[in-house]
Amino acid sequence: MSRVTNSMDKSSADVNRYADISNNPLHTVTFTSFALGTVLGLFLGLIKVVKMKNLNAYIVFLCFFHFMEYFITAKYNPLKVNQDSFLLNNGSVYILCHLIATLEYVIEYIFYPNIKVTGHSKFRFSIIVAGYLCISAGQAIRSLAMSTAGKSFSHVLQTKKKKDHTLIQSGVYQWFRHPSYFGFFWWALGTQMILLNPVSFTLFAVVLWKFFHDRIKTEEIYLIKFFGDDYIKFKTCVPVRIPFIE
Ligand SMILES: C[S@@+](CC[C@H](N)C(=O)[O-])C[C@H]1O[C@@H](n2cnc3c(N)ncnc32)[C@H](O)[C@@H]1O
């Protein structure tokens, strides 16, 4: 009898700790991780021998980003993780922007290879270094935001307050009001800086700025509903730090 009770206690504890397997089909999750790892490894391994090195680096960072989205959600927010947590179904605009970026890089490389060569210009070299810094800092801040917010983080905007949703103001949230958006914004712009893609840099800046501007506006309407004066105080004290978003 005590064995039955023990196993019942254990299974109810597991429900609160472990991801719902029905939302995380093992064959899908393992295959997606394997595919991301394979592409990452392939492009990283070929970086020494290919000419379009920064394109390879871009694909490596892209694979790493999507892997981290699932990994951090699984580790710090296991009850919300699901196969969409890889964020690979991030909408047609997202896919289109990355396709345009790749195309721009390849076309400019074919017609103006010198523009893409870093060694001959200090200016181009500085942009690439700044790009790598933006990617690293952006990825770190986004992952830290997701791990700090834990159960309060969700890829889908919450319109109803859940029981375990608390207002997060610690860690990276002390410095950035929306650190995961801040991180993603600079990560994405960084990818276009390492590619030395002027058209896609502008496109990414405009599309992402508009997206986060609108998203933050809507998100904060709900956050004020959920947390009232506490959120208003937080909003007054902590800036977003994405240019021209208050
Ligand atoms: C994709 S997460 C983004 C979180 C946050 N905007 C950021 O950039 O780190 C969206 C969810 O986080 C929740 N959220 C945003 N800021 C929060 C905070 N400071 N504390 C708790 N929940 C927050 C919102 O309710 C929303 O459902």
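In this text the structure is predicted, and so the values were computed from the model without any measurement.

Caption draft 1: Representation of the environment of L40. Looking at the element boundaries, L40 is found in helix α2 (residues 26-45). Distance from L40 to I59, taken between C-alpha atoms, is 6.9 Å for residues 19 residues apart in sequence. Other than its neighbours up to four places away in sequence, L40 contacts V60, C63 and F64.

Caption draft 2: How the structure looks around helix α8 (residues 198-227). A rise of 1.5 Å per residue sets the reference length of α8, with its 30 residues, at 44 Å; its end C-alpha atoms lie 41 Å apart and thus fit the reference within 8%. Within α8, burial applies to S200, F201, F204, L208 and L223. Next to the buried residues of α8 lie α4 (92-111), α7 (179-194) and α9 (229-237). Just past α8, the residue G228 takes up positive phi, approximately 55 degrees.

Caption draft 3: A look at the confidence of the model for the chain. Per-residue confidence for the chain gives a mean pLDDT of 94; residues scoring 70 or more make up 93%. For this predicted complex, the interface confidence comes out at an ipTM of 0.99, alongside a pTM of 0.93.

Caption draft 4: View of the site of the ligand. Residues in close proximity to the ligand total 18 residues, the closest being S152, Q158, I168, H178 and S180. Those elements that provide at least two residues to the shell around the ligand are α6 (122-149), α7 and α8. Of the residues belonging to the shell around the ligand, the class tally is 11 nonpolar, six polar and one charged.

Caption draft 5: Quick look at the UniProt feature "transmembrane region" (unreviewed entry) in the chain. Mapped onto this numbering, the UniProt entry gives "transmembrane region" (unreviewed entry) at residues 26-47, 54-72, 92-111, 123-141 and 184-209. Secondary structure content for residues 54-72 is 100% helix and 0% strand, while the C-alpha to C-alpha distance between its ends is 26 Å.

Caption draft 6: Spotlight on the nonpolar core. By size, the foremost hydrophobic cluster in this structure holds 38 residues, and its most contacted members are Y58, F182, F185, W187, A188, L189 and L195. Of all the elements in the fold, those that place two or more residues in this core are α3 (53-76), α4, α6, α7 and α8. Ranked by residue count, the leading element in this core is α7, at 10 residues. Excluding its chain neighbours within four sequence positions, the residues that come into contact with L195 are N54, L55, Y58, A101 and Y105.

So, how was this worked out
- Residues numbered from 1 in each chain as written.
- Predicted model: local features only at pLDDT ≥ 70, side-chain atom pairs only at ≥ 80, totals over all residues.
- Helix = DSSP H or I, 4+ residues; strand = E, 2+ residues; numbered from the N terminus.
- Contact = placed C-beta atoms within 7 Å.
- Expected span 1.5 Å × (residues − 1).
- Buried ≥ 20, exposed ≤ 12 C-beta atoms within 10 Å, placed from the backbone.
- pLDDT = per-residue confidence, 0-100.
- Near = placed C-beta within 6 Å.
- Nonpolar A, V, L, I, M, F, W, Y, C, P; charged D, E, K, R; others polar.
- UniProt positions renumbered as here; feature names shortened; annotations may be inferred.
- Core = buried A, V, L, I, M, F, W, Y, C linked by C-beta atoms within 7 Å.

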